[in-house]
Amino acid sequence: MSLGALLEEILVDAYDEHEQITTFHCALSELDWPTSAKLGDMDLVVQGVDWDGQASSAMDAEVSYDGHEFEVDFQELIFPEGSSHARHVAALRQWLGLS
């Protein structure tokens, strides 16, 4: 599925910014968790995605690294190429205007 088709599928019935970020959160929450990702030179285990429900705020990834748990900006993570996680983060980056 192309990135444009994935965006269209995620945003099909979302008309304003709050509905759109809400549908992104739902789509991301439905992915298989936990999974691996990189942030810089760190290999992380991503437990899932968190969002506070505010249209103006970014989504966070709940991650663990070296026995510590913390949150990072979801759109900053690098997932294995070709994975559904990588396609979804690419769609989110495009929607946010970051790519």
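All values derive from a computational prediction rather than experimental measurement.

Participant: Describe in detail the nonpolar core, supporting the description with residues and values.
Facilitator: Of all hydrophobic cores here, the largest spans 26 residues; its most connected members are F24, V46, M59, F74, L77 and F79. Of all the secondary structure elements, the ones that give two or more residues to this core are α1 (3-11), α2 (17-29), β2 (42-50), β3 (60-65) and α3 (84-96). Contact partners of M59, with chain neighbours within four places excluded, come to I21, F24, H25, L28, V49, D50, W51, V72, D73, F74, Q75 and L92.

Participant: Give a detailed account of unusual backbone geometry, specifying residues and quantitative values.
Facilitator: Cis geometry is found at the peptide bond from W33 to P34, where omega equals 0°. Mapping P34 onto the fold places it in the loop between α2 and β1 (35-39). Positive phi values are uncommon outside glycine, yet D66 reaches one of about 50°. D66 sits in the exposed class, given a relative accessible area of 64%.

Participant: Could you give an account of the packing of aromatic side chains, naming the residues involved and the relevant values?
Facilitator: Taken as a whole and assessed by the stated rule, the structure comprises four aromatic pairs. Ring geometry for F74 and F79: centres 5.6 Å apart, planes at 40°, overall tilted. By relative accessible area, which is 6% here, F79 ends up buried. Members of the aromatic cluster, joined through ring pairs, are W33, F74 and F79.

Participant: Summarise the pairing of β2; cite the residues concerned and give the values.
Facilitator: When β1 meets β2, the two strands line up antiparallel, connected through five bridges. Bridging from a neighbouring strand, T35 pairs with V46 of β2. Remark: two residues form the turn of the hairpin made by β1 and β2, two consecutive strands paired antiparallel; G40 in that turn has positive phi of roughly 65°. Across five bridges, the pairing between β2 and β3 is antiparallel. By the bridge assignment for β3, V49 is matched with A61.

Quick notes on the rules
Residues numbered from 1 in each chain as written. Predicted model: local features only at pLDDT ≥ 70, side-chain atom pairs only at ≥ 80, totals over all residues. Heavy atoms only, no water. Core = buried A, V, L, I, M, F, W, Y, C linked by side-chain atoms within 4.5 Å. Buried < 20%, exposed > 50% of the residue type's maximum accessible area, 1.4 Å probe, protein only. Helix = DSSP H or I, 4+ residues; strand = E, 2+ residues; numbered from the N terminus. Contact = heavy atoms within 4.5 Å. Phe/Tyr/Trp six-rings, centres within 6.5 Å; stacked < 30°, edge-to-face > 60°. Pairing = 2+ DSSP bridges.

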